Amino acid sequence: MREASVRLLFLSSLLCCPTGRALTAGLTVSPSSSQLFEGDSVSLSCEEDHSSAGWTLRRNTSRGTRTQCGSGWGKAAGSSCKISSTYPSDSGVYWCESREGAASNSISLTVSGGSVILQSPVLPVMEGGDVTLSCRTKTPPSNPPAAFYKDGSLIRAEPTGHMTLLHVNRSDEGLYRCSISGHGESPPSWISVTEKPTTTAPPTSAAPPTSVAPPPASASLHLVFRLLLHLLVFCPYFISTLLMVSLYRHRATGSKLPVSMVMTPPTQAEQGLDDDYDDVTTEHHF
């Protein structure tokens, strides 16, 4: 009865929430950079799995919280939003949200009014991958020599304005920025590293049965020796036990034999004594 109730509850949850798996979306941004120059355009899109979920772009900035695309900023087009000309006030956190209240991943955008930005991934980086950071200026040349910093410490200077982090891991997470001599430095950007998902190996076809090799001769001799040893040790105890039980039963049976009265004929001596008693007479005189 309890199992039937659990199954009924499980089926009811599936029927009541048929779109539970479909209410997922991923937020993408183009150009794929966490920092933008003031005046740049940017497009954000909700890559949804179910078109009827009604995903919309929302953001948290210094000017407002949970504001929707088209409400004073951006131009909505279905589940996408385009900002034609960005301002520093557009800096903030962006995400997709469905009518049911489900939320996608969030990204952080920074719009700089300065002359240097750091182009870095907007999404977390998979552990083991390579990451390229670019230090750009608003005026030519766009990629002069630059110095790169992590958590306030200098990593290294690159003559081309590009730095590649090879085989990143969790220790590479941190706040990165860059600087270009004569132009200034970029705002900081946080780079996140996610663990690489563990993949299960696909099931392999069953291996053909292999013949089992017979045990070696030494193993057989060892087994026979152990068997004989057990017999030699066990047999004396077994035989002695049988003898003790037999004696005990015999003694117990002998003590309970019935007593029979056997009348044996008198011997000649005993018969003579009886005759003597018969010949003796006693006289009494009154």
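So, a few notes on the structure that sits alongside this text. (Residues numbered from 1 in each chain as written. Predicted model: local features only at pLDDT ≥ 70, side-chain atom pairs only at ≥ 80, totals over all residues. Heavy atoms only, no water.)

### Looking at the pairing of strand β8 (residues 92-97)
Stage number 1. Summarising burial for β8: 5 of the 6 residues are buried, a large majority.
Stage number 2. Pairing of strand β4 (residues 56-61) with β8, which is carried by 6 bridges, proceeds in the antiparallel orientation. When the sheet's bridge partners are listed, Asn60 is paired in β8 with Val93.
Stage number 3. In this sheet, strand β9 (residues 103-112) lies alongside β8 in antiparallel orientation, the contact comprising 5 bridges. For Tyr94, the partnering residue across the bridge sits in β9 and is Ile107.
Stage number 4. Hairpin geometry of β8 and β9 is characterised by an intervening segment of 5 residues between the two adjacent antiparallel strands and by a positive phi of about 100 degrees at Gly101. (Buried < 20%, exposed > 50% of the residue type's maximum accessible area, 1.4 Å probe, protein only. Helix = DSSP H or I, 4+ residues; strand = E, 2+ residues; numbered from the N terminus. Pairing = 2+ DSSP bridges.)

### Here we look at unusual backbone geometry
Stage number 1. In this model, Ser30 is joined to Pro31 through a cis peptide bond whose omega is 5 degrees.
Stage number 2. Its place among the elements puts Pro31 in the loop between β1 (25-30) and β2 (35-37).
Stage number 3. Backbone geometry places Arg66, a non-glycine residue, at a positive phi of 55 degrees.
Stage number 4. With respect to the element layout, Arg66 can be found in the loop between β4 and β5 (67-68).
Stage number 5. One non-glycine residue with positive phi stands out, namely His167, at about 50 degrees.
Stage number 6. On the secondary structure map, His167 appears in the loop between β15 (162-165) and β16 (174-180).

### Things to note about the sheet that holds strand β6 (residues 75-77)
Stage number 1. Ordered in space as β1-β3-β7-β6, the 4 strands form an open sheet in which the pairing is antiparallel. At either margin of the open sheet sits one strand with a lone partner, and together these are β1 and β6. Averaged over all neighbouring strand pairs, the angle between strand axes comes to 20 degrees, with direction disregarded. (Axes fitted to C-alpha atoms, helices over the stretch in contact; angles between N-to-C directions.)

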